[in-house]
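# Breakdown of the fold
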Amino acid sequence: MTRWLVVRLVLATGVATAAPVPKALKRVRPLRATIEPLPGEKLHSVDWDDVPLSKVLEDVENQTGLFYRTRDVPKVKIRLKADKVCMPELFARLDEELYPQGWVLIRKTQSFSIVSVEAKIERVTIPTVTVEELRRRSRFEPVQVLVPVGEQNAEAGKQVAAGIDGPWFEACEFGSDKFLLCGRVMDLQKFVDELGDHIKK
């Protein structure tokens, strides 16, 4: 039996309402770990100097093979230079440029899209990843992940989830020993990190 623990927002209709970009994120960009390429993974290089996003998206499609699935393109410009980085790192760096301007990337297996941080996001458009894959995603990207914590740690999981306040964040008790999380990677990773060794790999 699945029990729902509502944290900060309710997705009863299957639609999440994003919160505005936190002001602190507009002013400060905390350091993040570089996503290193896996053995044999294709590398990409870009040099965008105040380039319109429409041109950037064309370049990303050509280099990665993923197609852009959103009809509208935000009218923003991108300044980013990257040399021989893997695809997850390229998307993470692009997201670092987009998020302070009010936009966020959603990356699936064969496609990607860009949505406003204040938009309503249907859960079916949010990709599901594993705990291990969280570190190979942009920290701002909305994803879903099933986290096995063990029945004895369910209460600790509730307490950790209650302390997380981020756009789209929701924690759902899945059975008696798992949590289904939805939200930004940085918020989901915080849940995983705080539970630490209680996470069942």
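Residues numbered from 1 in each chain as written. Predicted model: local features only at pLDDT ≥ 70, side-chain atom pairs only at ≥ 80, totals over all residues. Heavy atoms only, no water.

### A short note on the overall build of the protein chain
Here is the rule: For the purposes of this entry, the term helix denotes a DSSP run of H or I that reaches at least four residues, the term strand denotes a run of E that reaches at least two, and both are numbered from the N terminus. Buried means the residue's accessible area, taken with a 1.4 Å probe over protein chains only, is under 20% of the maximum for its type, while exposed means over 50%, and partly exposed covers the values in between. Residues are treated as being in contact if the distance between any of their heavy atoms lies within 4.5 Å. The method behind every accessible area is Shrake-Rupley, applied with a 1.4 Å probe, and residues are considered shielded solely by the protein chains displayed.
Secondary structure assignment for the protein chain yields five helices and 12 strands. Here the protein chain, with 201 residues, has 49% of them falling under the buried criterion. Excluding contacts between residues fewer than 6 apart, the proportion of contacts in the protein chain whose partners are at least 24 apart in sequence is 67%. Summed over all atoms, the accessible surface of the protein chain reaches about 10700 Å², with 51% contributed by carbon and sulfur.

### Description of the layout of surface pockets
What counts, and what does not: Using a grid of 1 Å spacing that covers the protein atoms alone, one calls a set of points a cavity when a 1.4 Å probe fits there but cannot get out, and a pocket when the set is open and has protein on both sides within 12 Å along at least five of seven lines; lining residues are those with an atom within 4 Å of a point. Grid points are joined across faces, edges and corners, and a volume is the space filled by probe spheres set on the points. Only Asp, Glu, Lys and Arg are considered charged, only Ala, Val, Leu, Ile, Met, Phe, Trp, Tyr, Cys and Pro nonpolar, and every remaining residue, Gly among them, polar.
In this structure, the largest pocket encloses a volume near 300 Å³. Lining the largest pocket are 16 residues, and of these Ala33, Leu134, Arg135, Arg137 and Arg139 lie nearest its centre. Ranked by residue count, the leading element in the lining of the largest pocket is helix α5 (residues 185-195), at four residues. Here the lining of the largest pocket is built from residues that sort into six nonpolar, three polar and seven charged. One number sums up the size of the second largest pocket: a volume of about 200 Å³. Taken together, Arg69, Thr70, Ile106, Lys108, Ser111, Phe112, Ser113, Val115, Lys120, Ile121, Glu122 and Thr125 make up the full set of residues lining the second largest pocket. Those elements that place two or more of their residues in the lining of the second largest pocket are β7 (111-116) and β8 (120-122). When residues of the lining of the second largest pocket are assigned to their parent elements, the largest contribution, four residues, is made by β7.

### Quick word on the confidence of the model for the protein chain
Keep this limit in mind: One number per residue, pLDDT, summarises how confident the predictor is, and it ranges from 0 to 100.
Of the residues in the protein chain, 83% have a pLDDT of 70 or more, and the chain-wide mean is 85. Low pLDDT (under 50) marks residues 1-28, which in the prediction has 69 contacts with non-local residues, meaning those over four places away or in another chain.

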